[in-house]
Amino acid sequence: MPSSLNLKTLHDAVSNTACAFRSRTRLHPADGPGGKIFPPTHLGGEYAIEQRRRTGTDGKPEEVTCVLVDSVQSSANRLEEALKLQVDSGKLSLPLVRVDFDDDKLTDPIGSLSTLDVPHRLADAILRDSLIDEDGKAVPFRKSSWGSRLDVASLANATPLLEISPTSLLFGLWDSTGPKGGLGAKFQRAIVSEIVAIGAAVGVRTSSRIDPLQIRSGIPIKKGNDSEYEVAAKESKGTVQASEINHGNIPPTIDAGGITCDYCEHSLTLSLPALRRLRFPIDGQWSPEADNAGRTLLASIGLMASALACEAGFDLRSRCLLWPEVPFELELLDRPGETPERFTLTGDQGIALYNEAVEQLRGVGLPYHTEPVTLRPKDSLMKLLVASQEKAAAESPTEGD
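Residues numbered from 1 in each chain as written. Predicted model: local features only at pLDDT ≥ 70, side-chain atom pairs only at ≥ 80, totals over all residues. Heavy atoms only, no water.

**As for the domain arrangement of the protein**
Short version of the rule: An automatic or database domain assignment supplies the residue ranges for each domain.
Along its sequence, the protein is carved into domain 1 (3-199 + 257-388) and domain 2 (211-248). Of note, the centres of domain 1 and domain 2, computed from C-alpha atoms alone, are 48 Å apart.

Spelled out as structure tokens, the structure:
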């Protein structure tokens, strides 16, 4: 029987020679095994299909067709989203840097974006192009006391980022657009997760639309502003078909789309050697206690996010809802040759484990700033955003299926 994961076990695993925590779970479509799901498409509308090796039911190796259902990047975003939901609900205190947008100026309000939302985390261009008030002045974030930490952060000195954005250390960051260019701070992704459909076969997708008004094709339409239009004379130039203003029938079509599979597999790995590369000096002085406290905190965030994301479910996109066969469970890969020890972890237990790790972190003297650092976009960023939203609003929407 698996046991509950506690802080001592986590701290010992991170501090010694254990390799990783991992989880491997089978999932099926919510409508049952053999149900059809729709993976994400990539450039050209293609699925990410590849052959992978596995041990067959007869014990012999075999190749099987697999389709990527949730990429490493997408899975990381779901883990961060799970953390954000807990922060927004007040159940979790986590260091964040956020940008508050003036929604009165926007066609499509944004509200706030934080380091849990933006793709490059603390090194993202949205933060770079924002201001913070310091000493009575509006200062560009990267030149502020908070943002300039990126200029001095390294594997040997991860303390500055741990204090304001520990998730940047956990999920990875490369400050390639900062003052050092390609030599900017770079931290590898310590937690990797993906979902793959095993034994997959690509199916077909049909689409059509029946217009209840039965608007006929061939009627010339002259488009105006703000969705206005008028029926034009036959000889008029610059006219469009009724389908371009979302009226009329669309004949049934059939294309490749959707897959069925033997099962889907969700894999997740938290690399402990990756965390051990990070060091957390206090006032320039290294100590095993501080290093291990910082690494344990990062591990607790990764495992907490994993448990929370699993509890949030696997509704990955339209027509891609998956259901796990078993509850979330972890294995600790400790000594080679030994059977991995198994652990359970719920979302609430993950939050409690994280809170204990925070206490331990502060107990050794490492700083941890759980009040959000708030920025506002520069005028140039706001003008770019307003222009982009105005352009998007003026463009004709594309019909979906």
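**Observations concerning helix 2 (residues 72-88)**
The test is simple: For the purposes of this entry, the term helix denotes a DSSP run of H or I that reaches at least four residues, the term strand denotes a run of E that reaches at least two, and both are numbered from the N terminus. To estimate the expected span of a helix, count its residues, drop one, and scale the result by 1.5 Å. The contact definition used throughout considers only heavy atoms, calling two residues in contact when any of these lie within 4.5 Å.
Between the first and last C-alpha of helix 2 there are 24 Å, a value that for 17 residues agrees with the 24 Å anticipated at 1.5 Å per step. The inward-facing, buried residues of helix 2 abut strand 4 (61-70), helix 5 (166-171), strand 11 (191-198), helix 7 (288-312), strand 17 (314-317) and helix 8 (347-363). Note on helix 2: the residue one or two positions beyond its end, Gly90, has a positive phi of about 85°.

**Quick look at the environment of Gly258**
Position of Gly258 relative to the elements: it lies in strand 15 (residues 250-260). A sequence separation of 54 residues divides Gly258 from Val204, and the C-alpha atoms of the two residues are 6.2 Å apart. Ignoring anything within four residues of it in the chain, the contact list for Gly258 reads Lys36, Ile37, Phe38, Tyr47, Ala201, Val202 and Gly203.

**Concerning the packing of helix 1 (residues 7-15) against helix 8**
Let me state the cut-off plainly: For every element, the axis is a line fit to its C-alpha atoms; helices are fit only across the contacting stretch, and the angle between N-to-C directions ranges from 0 to 180 degrees. Here a crossing is called left-handed whenever its near helix is offset anticlockwise from the far helix by less than a right angle, and right-handed whenever the offset is clockwise. For this classification, Asp, Glu, Lys and Arg are treated as charged, while Ala, Val, Leu, Ile, Met, Phe, Trp, Tyr, Cys and Pro are nonpolar and the rest, including Gly, are polar.
For the pair helix 1 and helix 8, interaxial distance at closest approach is 10 Å and the crossing angle is 60°. Of the two elements, helix 1 crosses helix 8, and the hand of that crossing is right-handed. In this structure, helix 1 contributes Leu7, Leu10 and His11 to the contact, and helix 8 contributes Leu353, Glu356, Ala357 and Gln360. Tallied by class, residues from the contact of helix 1 with helix 8 come to four nonpolar, two polar and one charged.

**Considerations on the packing of aromatic side chains**
When we look at a pair of aromatic rings, we describe it by the centre distance and by the angle of the planes. So the rule is basically this: Any pair of Phe, Tyr and Trp rings, taking the six-membered ring for Trp, is counted once the centres come within 6.5 Å. Such a pair is stacked with planes under 30 degrees apart, edge-to-face with planes over 60 apart, and tilted for the rest. Each ring is checked for a lysine NZ or an arginine CZ that lies within 6 Å of its centre and within 35 degrees of its normal; such an atom marks a charge sitting over the ring.
For the structure shown, the criterion picks out one aromatic pair. Over the face of the ring belonging to Tyr263 we find Arg26, whose NZ or CZ atom lies 3.7 Å from the ring centre.

**A few points about the packing of helix 7 against helix 8**
Where we set the bar: To sort the angles, those under 35 degrees are grouped as roughly parallel, those over 145 as roughly antiparallel, those from 65 to 115 as roughly perpendicular, and the leftovers as oblique.
At a closest axis distance of 8 Å, the pairing of helix 7 and helix 8 adopts a crossing angle of 165°. Relative to helix 8, the element helix 7 is oriented roughly antiparallel. Of the two elements, helix 7 crosses helix 8, and the hand of that crossing is left-handed. Counted together, Ala293, Gly294, Thr296, Leu297, Ser300, Ile301, Met304, Ala307, Leu308 and Glu311 of helix 7 and Gly347, Gly350, Ile351, Leu353, Tyr354, Ala357, Val358, Gln360 and Leu361 of helix 8 form the full contact between these two elements.

**Some words on a nonpolar patch on the surface**
For the record, the criterion: Exposure above 30% relative accessible area and the absence of a salt bridge qualify a residue for a patch, where like charges join within 9 Å and nonpolar side chains (Val, Leu, Ile, Met, Phe, Trp, Tyr) within 5 Å. Using a 1.4 Å probe, accessible areas were evaluated by the Shrake-Rupley method; residue-level cover was limited to the displayed protein chains. Any carboxyl oxygen of Asp or Glu that lies within 4 Å of a side-chain nitrogen of Lys or Arg is treated as forming a salt bridge with it.
A contiguous nonpolar patch, built from Leu213, Ile215, Ile219 and Val231 and spanning about 340 Å² of accessible area, is present on the exposed surface. Here Ile215 shows up in the loop between strand 12 (201-209) and strand 13 (221-223).

**A closer look at the sheet that holds strand 21 (residues 373-377)**
What counts here: Strand pairing is assigned whenever DSSP identifies at least 2 bridges connecting the two strands.
Pairing is mixed in the open sheet, where five strands are placed in the order 6-5-21-7-8. Every interior strand has two partners, whereas the edge strands, strand 6 (112-114) and strand 8 (137-140), have only one. Ignoring strand direction, the axes of neighbouring strands in this sheet form an average angle of 40°. Alignment of strand 7 (residues 130-134) against strand 21, held across two bridges, turns out to be antiparallel. Its bridge partner lying in strand 21, Leu131 is registered against Arg376.

**A look at the side chain of Gln389**
The criterion, for reference: A 1.4 Å probe rolled over the protein chains alone gives each residue an accessible area, and that area as a share of the maximum for its type sets the label: buried under 20%, exposed over 50%, partly exposed in between.
Mapped onto the fold, Gln389 is located in helix 9 (residues 379-394). A relative accessible area of 13% means that Gln389 is categorised as buried. Dropping the residues within four chain positions of it, Gln389 is found in contact with Leu106, Thr107, Asp108 and Ile110.

**Quick notes on the nonpolar core**
Quick reminder of the rule: Note on terminology: a nonpolar core comprises buried Ala, Val, Leu, Ile, Met, Phe, Trp, Tyr and Cys residues joined through side-chain atoms within 4.5 Å.
Membership of the largest hydrophobic core comes to 96 residues, with the highest contact counts inside it found for Phe21, Leu83 and Leu270. In terms of residues, this core owes the most to one element, helix 7, which gives 13 residues. With six residues, the next largest nonpolar core counts Leu68, Val196, Ile198 and Tyr263 among its residues.

**A few points about the pairing of strand 18 (residues 320-324)**
Summarising the sheet, strand 2 (residues 20-29) and strand 18 pair through three bridges and their orientation is antiparallel. Paired with Leu27 across the strands is Pro324, a residue of strand 18. Of the strand pairs in this sheet, strand 17 and strand 18 are connected by three bridges, and their pairing is antiparallel. Bridge pairing in strand 18 places Asp315 opposite Leu321.

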